[in-house]
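What follows is the residue order along each chain.
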Amino acid sequence: HRSMYFVQPGILKFIVTRHFASRIFNWLVRRILSLPLYDVQAGLKMAHTTDFKNCCRFITKKDFSFDTELMYIAKKHKMTITALPVKFRYLSEASTVRFLRDSLRLFTAIIDIKIKSLTGYYR
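Rules used throughout
- Residues numbered from 1 in each chain as written.
- Predicted model: local features only at pLDDT ≥ 70, side-chain atom pairs only at ≥ 80, totals over all residues.
- Heavy atoms only, no water.
- Phe/Tyr/Trp six-rings, centres within 6.5 Å; stacked < 30°, edge-to-face > 60°.
- Helix = DSSP H or I, 4+ residues; strand = E, 2+ residues; numbered from the N terminus.
- Buried < 20%, exposed > 50% of the residue type's maximum accessible area, 1.4 Å probe, protein only.
- Expected span 1.5 Å × (residues − 1).
- Core = buried A, V, L, I, M, F, W, Y, C linked by side-chain atoms within 4.5 Å.
- Contact = heavy atoms within 4.5 Å.

Caption draft 1: Structural context of the packing of aromatic side chains. Scanning the model with the defined rule gives 3 aromatic pairs in all. Consider the rings of F58 and Y121, whose centres lie 6.2 Å apart with planes at 80°: the pair is edge-to-face. Here the residue F58 occupies a position in the loop between α2 (49-56) and α3 (66-76), and Y121 occupies one in the segment after α4 (99-118), the gap between them amounting to 63 residues. Relative accessible area serves as the criterion here: at 33%, Y121 is assigned to the partly exposed category. Look at Y72 and Y122: their rings are 5.8 Å apart centre to centre, the planes differ by 70°, and that puts the pair in the edge-to-face class.

Caption draft 2: Spotlight on helix α1 (residues 12-32). Helix length check: α1, at 21 residues, gives a terminal C-alpha distance of 30 Å against a target of 30 Å (1.5 Å per residue), a fit within 8%. Listing the buried residues of α1 in full gives F14, I15, A21, S22, F25, N26, L28, V29, R30 and I32. One or two residues past the end of α1 sits S34, with phi positive at roughly 55°.

Caption draft 3: Structural context of the nonpolar core. Residues V29, L33, L35 and I110 are the most contacted members of the largest nonpolar core, which totals 20 residues. Top element by residues in this core is α3. It accounts for 5 residues. Sequence-distant contacts of L35, that is, excluding residues within four places in its chain, are made with V29, R30, V40, T68, M71, Y72 and K75.

Quick look at the structure:
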């Protein structure tokens with residue numbers, strides 16, 4: 001099952017750049033954090049209230065890396081994580097992402113999450 005994206009022709013260049021950056025980021029997440037997901041930042045999450053509250057006790061990220069840390073904490077606490085396909089319609093370039101700056105920040109966040117994990121922070 002694959003997600004489907006509907007894109008307005010005028011924003012195709014933006015979407016291609018964003019998709020490329022997302023693929024690299026998610027590859028790093030799979031390699032460094034061993035999260036078996038192909039899109040940790042889709043922004044669409046569902047969880048039981050108790051599980052979500054338990055994970056949120058450990059959250060330290062307040063930027064784009066929030067989703068990554070949340071999924072990592074859920075994995076560390078042996079919660080089942082399932083990826084489901086979605087349909088998404090891009091109608092405009094509604095993003096505040098700055099490619100180089102935010103890519104570096106996200107990479108730093110992955111390393112920070114790994115270090116916190118190795119030191120037992122997410123126990």
